[in-house]
Amino acid sequence: MYYRLNEDYALRAWKYVNHGMYHRLEASPIRVDDKTYDLLLQCDGEHDLPDSEELKALAEHGLISQCEKGQAPSDWSRYRKYPHRFVPAMNLMLTGKCNYNCRHCFNAADNTDRMSEWDYDELLDLLDQAADCGFHGFTLTGGEPMLHPKFNDIVREIYKRNMVLERLTTNGHYLNEETLDLFRELGATPQIKISFDGVGHHDWMRGHKGAEQDALRALKLCAEGGFVTRAQTQVFRDNLDSMKETLKVLEDIGVTETRIIRTTETSRWVKNSPNGSLTQEEYFDRMLDLSEWYLGGEHKMNVCIWMFLCLYPSLGAYEMVQEHRKDGVYHPTAPVCEGNRTMMAVTCEGEVAPCLQMCGELSSFNIHFDSLKERSLADILQGGKWLEAVCTNLYALREKNSICDNCEWFGRCCGGCRALAILSGIINERKPDYYAVDPLACLFFKGGWYEKVLDRLKDYKHF
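Remember, predicted model here, so these are calculated numbers, not experimental data. (Residues numbered from 1 in each chain as written. Predicted model: local features only at pLDDT ≥ 70, side-chain atom pairs only at ≥ 80, totals over all residues. Heavy atoms only, no water.)

### Re the packing of helix 4 (residues 151–160) against helix 5 (residues 177–186)
Relative to each other, helix 4 and helix 5 sit at 10 degrees, their axes nearing to 11 Å. It follows that helix 4 is roughly parallel to helix 5 by the angle criterion. Across from Phe 151, Asn 152, Val 155, Arg 156 and Tyr 159 in helix 4, the residues of helix 5 making contact are Glu 178, Thr 179, Leu 182, Phe 183, Glu 185 and Leu 186. Within the contact of helix 4 with helix 5, the residues separate by chemical class into six nonpolar, two polar and three charged. (Axes fitted to C-alpha atoms, helices over the stretch in contact; angles between N-to-C directions. Helix = DSSP H or I, 4+ residues; strand = E, 2+ residues; numbered from the N terminus. Parallel < 35°, antiparallel > 145°, perpendicular 65-115°, else oblique. Contact = heavy atoms within 4.5 Å. Nonpolar A, V, L, I, M, F, W, Y, C, P; charged D, E, K, R; others polar.)

### Quick look at the packing of helix 8 (residues 243–252) against helix 10 (residues 280–295)
Look at helix 8 against helix 10: their axes get within 11 Å of each other, and the N-to-C directions meet at 40 degrees. Here helix 8 is positioned oblique relative to helix 10, judged by the angle of their axes. Pair helix 8 / helix 10 crosses with right-handed handedness. Of the residues in helix 10, those in contact with Met 243, Lys 244, Leu 247 and Glu 251 of helix 8 are Leu 290, Trp 293 and Tyr 294. Class assignment for the residues of the contact of helix 8 with helix 10 results in five nonpolar, no polar and two charged. (Left-handed = near helix turned anticlockwise from the far one by under 90°.)

### Considerations on the packing of aromatic side chains
Within this structure, the stated rule accounts for 22 aromatic pairs. The interplanar angle of 90 degrees and the centroid separation of 5.5 Å between the aromatic rings of Tyr 434 and Tyr 435 together place this pair among those described as edge-to-face. Overall, the relative accessible area of 8% leaves Tyr 434 in the buried class. Take Tyr 435: its relative accessible area is 16%, and that puts it in the buried class. One aromatic cluster in this structure is built from Tyr 283, Phe 284, Trp 306, Phe 308, Trp 409, Phe 444, Phe 445, Trp 449 and Tyr 450. (Phe/Tyr/Trp six-rings, centres within 6.5 Å; stacked < 30°, edge-to-face > 60°. Buried < 20%, exposed > 50% of the residue type's maximum accessible area, 1.4 Å probe, protein only.)

Fair warning: the whole summary comes from geometry, so function is off the table for now.
Next up, the structure:
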């Protein structure tokens, strides 16, 4: 009997990753055991396979179909092995232009407008390169990504290449039913992340009258349309007391999850709001109060508090974001940042960085990792400063950082966040250092917050 892999599935392999599989409309790769993968490789219209329970199961799950001899899988579905490291996703800044003037924006180190934007033909070439290199999921961001004049076309072109829109990060101003209809037409189910910085404070933070109304309208539209929604909420000194009301408003309109983020001391924010940030101690203290209140109420919306806690009220549970490994076991070959390792960040100028949260500050110091305007995507994936940074493992971090190397908590925190490590150096007027200490991770574990959380939230499950 002859079988072929169905159109919606594709077999892939990379350097150090011997097998993987994509579904055409799902961003994350599907894990397949060795035996199943070897069997799928033979479903190529050429191997005469004896009938088996394994083949029947694969057919019942829609992965394969019987075929005539010589009926090979489609060009996209056929097995491909890439000579470079596994990087499945791209965080792509389409444009630096924005209709708002956010006071804390990390895309620029000062208050000058960022007017760079991807040329459409260059962008199509980038999408071709991404498809040829085995990328599959995209996050589109900006600036305001929907301000790009070819936004809808870009989304269509992603799907023409059998890649998917995994996330859209937007201020919501341009989001409407037409956009959601486009997503439905393409089979796109992105998580839609919309900024909302607190009841009564959003207009000020975003530098735009009517921003609050626009954000709530867009969040409600997406929630009612069945899309996964995340509100991105900056918390700072002036809006701190509005957080309870803000969470209630967001939950009432059907938001799936709210992410509360401490507005950190980027150069732009310091210029626009001196002393506007909560201290790190204040942040943990007030967010622990908020967490206890939220878990104790009748809530369903999940809340993730940046670099602190994720709350799952329907399960009566929480997890500590800083606790990267709950067993505390040190794995020397693990990457210093899983997010950086599996998602390439690309700016509107074509710069490639470990993550976009670094890009504005790094450019102000004339620090660059790589550029798609100077090297091909395939070339960058083969080697260079960017690849070296994102493939840095925990052993290398300990080699370069004696504080982390001698810390009893390292097995749990795994060195913390590299973006915060770089930012802390800039704040303290030091040269940015990718291998520096993350002060927020140090405070959480060495400052006793791990134990404080366990004590205050003892009535809830700790995942």
